[in-house]
Amino acid sequence: VTYAKRLQDAILPSEKAMTALLPEHFMLYKPKDIVSGDFYWMDKIENKILFAACDCTGHGVPGAMVSVICNGALNRSVREFKLTDPGKILDKTRELIVAEFEKSDENVNDGMDAALCSLSLNEKETTLEYAGAHNPLWLIRNESDDIEEIKADKQPIGKYDNPQPYTTHQVKLNEGDTIYIFSDGYVDQFGGDRGKKLKAKNMRTIFQQAAQLEVEEQSQFLETEFLKWKADEEQRDEVCVIGTKIL
């Protein structure tokens, strides 16, 4: 399993590669076990920077095996099929994942949830395109603590009855705006005084506080608050949070 972690780490973008594309960013990545069903992903096509927070079915070893297939499908969607629109990338990724699992004689319904962003950078403006499967995007504008939420489509990236095309949302960004994408491991963690889930209201408060800090301090702050909430409870699921500030 420890060697499997080395293999899984090899498919994740390095901190150096992420910093080259997103100079003001942070990653909070906390597997539940040694290997993880969550993963983060990044690529660059022409002037578009693509990055995603992904949450595969299950966790531990089964989740990690699914993550390899899902990561490969994302790579193919962008590199082989030359897609840059987030909704179309998720459409193709779903198609590839379903085709891969349908090779089995078993009825395999695994897949993933994801939040996928595309940043188009030029001298005049920065445009964000986002598509999501269950996992939303949070945006905090410069000099504000209000969270603007862009909702995800309520369908997984995998086998699903009556699947619909994923929606691509487009937003103009300004210098100093901060965007967050994440899996559900943070919000679903049990803890607090009564051993209940953290839930979105508490998570919003924590992220609003984090947004007032420098980007390099936010990861530590979010992890500290997570551990404070978790206390003696077992970690419920993987945690994956990506935050980046627009320069």
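All of the points below concern the structure found in this document. No experiment lies behind these values; they were computed from the predicted model shown.

### With respect to the overall build of the protein chain
The secondary structure content of the protein chain amounts to six helices and 13 strands. Rg of the C-alpha trace for the protein chain: 17 Å, near the compact-globule value of 18 Å for 247 residues, within the 12% margin. For the protein chain, the C-alpha atoms occupy an extent of roughly 55 × 50 × 35 Å along the three principal directions. In the form shown here, the protein chain has an accessible surface area of approximately 12300 Å², with 48% of it arising from carbon and sulfur atoms. When the 30 basic and 43 acidic side-chain charges of the protein chain are each reduced to a single mean position, those positions are 1 Å apart.

### A few points about the pattern of salt bridges
All told, the structure shown has 16 salt bridges when counted by the stated rule. K5 serves as the salt-bridge partner of D9, at 2.8 Å between the closest nitrogen and oxygen. Residue D9 and its partner K5 are located together in helix α1 (residues 2-11), separated by four residues, close to a single helical turn. Overall, the relative accessible area of 33% leaves K5 in the partly exposed class. The salt bridge partner of E95 is K92, with a shortest N-O separation of 3.1 Å. Taken together, the positions of E95 and K92, both in helix α4 (residues 86-101) and three residues apart, correspond to about one turn of that helix. Judged by its relative accessible area of 16%, K92 is buried. Several salt bridges share partner residues, and in doing so they unite K32, D33 and E234 into one network.

### Here's the deal with the sheet that holds strand β1 (residues 25-30)
Taken in spatial order, the five strands line up as β1-β13-β10-β6-β7 in an open sheet, and their pairing is antiparallel. Looking at which strands have only one partner, the edges of the open sheet turn out to be β1 and β7 (147-150). On average, each strand axis in the sheet is tilted by 15 degrees relative to the strand beside it, whichever way the strands run. With five bridges connecting them, strand β10 (residues 178-182) and strand β13 (residues 239-245) associate as antiparallel partners.

### Comments concerning the environment of M65
Looking at the secondary structure, you find M65 in helix α3 (residues 60-80). Among the residues examined, M65 registers a relative accessible area of 58% and is labelled exposed. Residues M65 and L28, spaced 37 residues apart in sequence, show a C-alpha to C-alpha distance of 21 Å.

### A few points about the packing of aromatic side chains
Summed over the entire model, instances satisfying the criterion amount to eight aromatic pairs. Between the aromatic rings of Y180 and F207, the centroid separation amounts to 5.2 Å while the plane-to-plane angle is 75 degrees, which identifies the pairing as edge-to-face. In this pair, Y180 sits in strand β10 while F207 sits in helix α5 (residues 199-210), placing the two residues 27 residues apart along the sequence. Residue Y180 is classed as buried on the basis of its relative accessible area of 0%. An aromatic cluster is defined as three or more aromatic residues linked by ring pairs; in this entry it consists of F26, W138, Y180, F182, Y186, F207 and F226. Positioned over the ring face of W138 is R204, at 5.1 Å from the centre of the ring.

### Topic: a nonpolar patch on the surface
Where nonpolar side chains cluster on the molecular surface, the patch consists of V1, I34, V61 and M65 and spans about 390 Å² of accessible area. Checked against the element boundaries, V61 lands in helix α3. A relative accessible area of 42% places V61 in the partly exposed class.

### Remarks on α5
In this model α5 runs 17 Å from its N-terminal to its C-terminal C-alpha over twelve residues, within 8% of the 16 Å that 1.5 Å per residue would give. Contacts from the buried residues of α5 go to β6 (137-140), β7, β10, α6 (215-230) and β13.

### Considerations on unusual backbone geometry
The phi torsion at N162 lies on the positive side, around 55 degrees, for a residue other than glycine. Mapping N162 onto the fold places it in the loop between β8 (157-158) and β9 (169-173). Residue N162 is classed as exposed on the basis of its relative accessible area of 61%. The phi angle at A231 is positive, at roughly 50 degrees, despite the residue not being glycine.

### Thoughts on the nonpolar core
Counting residues in each nonpolar core, the largest one holds 49 residues, and the members touching the most others are F39, F51, M112, L119 and L137. Sort the elements by how many residues they give to this core and strand β3 (residues 48-56) lands first, with seven residues. Once residues lying within four places of it in the same chain are set aside, the contact partners of F51 are L22, W41, M42, A115, L116, C117, L119, I179, I181, I242 and T244.

What counts and how
- Residues numbered from 1 in each chain as written.
- Predicted model: local features only at pLDDT ≥ 70, side-chain atom pairs only at ≥ 80, totals over all residues.
- Heavy atoms only, no water.
- Helix = DSSP H or I, 4+ residues; strand = E, 2+ residues; numbered from the N terminus.
- Rg over C-alpha atoms; globule rule 2.2 N^0.38 Å.
- Areas by Shrake-Rupley, 256 points an atom, 1.4 Å probe, with all protein chains shown as cover.
- Lys, Arg positive; Asp, Glu negative; His and termini not counted.
- Charge placed at Lys NZ, Arg CZ, Asp CG, Glu CD.
- Salt bridge = Lys/Arg side-chain N within 4 Å of Asp/Glu carboxyl O.
- Buried < 20%, exposed > 50% of the residue type's maximum accessible area, 1.4 Å probe, protein only.
- Pairing = 2+ DSSP bridges.
- Axes fitted to C-alpha atoms, helices over the stretch in contact; angles between N-to-C directions.
- Phe/Tyr/Trp six-rings, centres within 6.5 Å; stacked < 30°, edge-to-face > 60°.
- Lys NZ or Arg CZ within 6 Å of the ring centre and 35° of its normal.
- Patch = residues over 30% accessible without salt bridge, like charges linked within 9 Å, V, L, I, M, F, W, Y side chains within 5 Å.
- Expected span 1.5 Å × (residues − 1).
- Contact = heavy atoms within 4.5 Å.
- Core = buried A, V, L, I, M, F, W, Y, C linked by side-chain atoms within 4.5 Å.

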